[in-house]
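# Summary of structural features
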Amino acid sequence: MKIEGKTVVITGASAGIGRACGKAFAAEGARCLLLARRGERLAELAAEIRERHGVEVLDTVLDVRDRRAVESFFGTLDGGWAAIDILVNNAGLARGLAPIHEGDPCDWDEMIDTNVRGLLNVTRAVLPGMVRRGAGHVINIGSIAGHEVYPSGNVYCATKHAVAALTRAMGIDLLGTGVRVSSVDPGMVETEFSAVRFHGDEARARAVYEGFAALRPEDVAEAVLFCATRPPHANVRELILMPSAQAAAVHLHREAR
Ligand code: NDP
Ligand code: 8X3
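Below is a short write-up of the structure. (Residues numbered from 1 in each chain as written. Chains lettered and ligands numbered in written order. Predicted model: local features only at pLDDT ≥ 70, side-chain atom pairs only at ≥ 80, totals over all residues. Heavy atoms only, no water.)

On to helix H6 (residues 154-173). Spanning 20 residues, H6 covers 28 Å between terminal C-alpha atoms, matching the ideal 28 Å at 1.5 Å per step. If you check which residues of H6 are buried, you get Val155, Tyr156, Cys157, Thr159, Lys160, Val163, Ala164, Thr167, Met170 and Gly171. Its buried side turned inward, H6 meets helix H5 (105-133), strand E5 (136-141), strand E6 (179-186) and helix H7 (193-197). (Helix = DSSP H or I, 4+ residues; strand = E, 2+ residues; numbered from the N terminus. Expected span 1.5 Å × (residues − 1). Buried < 20%, exposed > 50% of the residue type's maximum accessible area, 1.4 Å probe, protein only. Contact = heavy atoms within 4.5 Å.)

This is the structure:
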């Protein structure tokens, strides 16, 4: 399917995978609606995309956890932007890496509110229009953490298992509506993910990727684009994309330096 002229919503577009998705879809001629909390970052990306690809871009500050704000934003989108063809549910984060009995419940709330409730807030706001039009595609960014659990990953893994369950459940509920549902589930990708997980401890974040050839955000964006460009009769339900140097969540090959 051609992407040119399609309207694509990307949550969490201010960094990492979401930012790379914005660039990848714009390069194919999509009109991009970029959402995240950091407005300056979004504005910079929007300007870059407009200049490089000449496509329409709308960048708006939106916290996916804020259900009222999400409903109001999608409820008042004007004609040109209201018919959304593709939703990339990418906004998400990990907070902390601690055994369950030592975990910080505030970190847990933030992960559950963003990765599960946030994804649901946006999906619930966008799907009725897709179903009414009989066409659309929701692409959830899951994770290898939605297929396995790893030590101290407890709540993050639980949120990504929830995303996997929701992808499958949405696929069933939307059967016959013309709306497709996919998930792209990466292994480790070098982004701001670890810096966020470790509350800004950059040294600890850098160590995660040391000597290890992690995926780049662009690799994941290509996989998302692959899902979005299948012909209408074909759907990628789950696409697991791993670094060649990662066999499973905690089975990594690191080169000595
Ligand atoms: P980054 O931290 O680089 O980017 C996360 C993005 O999510 C940012 O744009 C951030 O923007 C946005 N975001 C976070 N919270 C909210 C919120 N409440 N409302 C709106 N936007 C929000 O991480 P990644 O690019 O790596 O992560 C993207 C997705 O990929 C996540 O769902 C993550 O779980 C998943 N993933 C990541 C992997 C990795 O190894 N990096 C592997 C597998 C999956 P802002 O702060 O401006 O709001
Ligand atoms: C992010 C990858 O392995 O840290 O989803 O869970 S991992």
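So, about the site of ligand 1. As a matter of local geometry, ligand 1 sits amid 31 residues, with Ser14, Arg37, Asn90, Tyr156 and Thr191 nearest to it. Arg37 places a polar side-chain atom, nitrogen or oxygen, 2.7 Å from an oxygen atom of ligand 1. For ligand 1, an oxygen atom lies 2.8 Å from a polar atom in the backbone of Asn90. Taken by itself ligand 1 offers 880 Å² of open surface, and the protein chains cover 96% of this. When contributions to the shell around ligand 1 are tallied by element, the ones reaching two or more residues are helix H1 (16-27), H6 and H7. When grouped by side-chain class, the residues that make up the shell around ligand 1 number 15 nonpolar, 10 polar and 6 charged. (Near = heavy atom within 4 Å. Polar contact = N/O pair within 3.5 Å; in protein donor to acceptor, adjacent residues only side chain to side chain. Areas by Shrake-Rupley, 256 points an atom, 1.4 Å probe, with all protein chains shown as cover. Nonpolar A, V, L, I, M, F, W, Y, C, P; charged D, E, K, R; others polar.)

Turning our eyes to something else, we now look at the site of ligand 2. Close contacts around ligand 2 come from Ser143, Ala145, Tyr150, Tyr156, Phe193 and Arg197, and that covers them all. Between ligand 2 and the protein, one listed contact pairs an oxygen atom with a side-chain N or O atom of Tyr150 at 2.7 Å. Side-chain polar atom of Tyr156 to an oxygen atom of ligand 2: 2.6 Å apart, as the coordinates give it. Surface burial for ligand 2 is 88%, taken as the share of its 240 Å² of free accessible area covered by protein chains. For the shell around ligand 2, the class distribution of residues is 4 nonpolar, 1 polar and 1 charged.

All quantities given are derived from atomic positions and should not be read as evidence of function.
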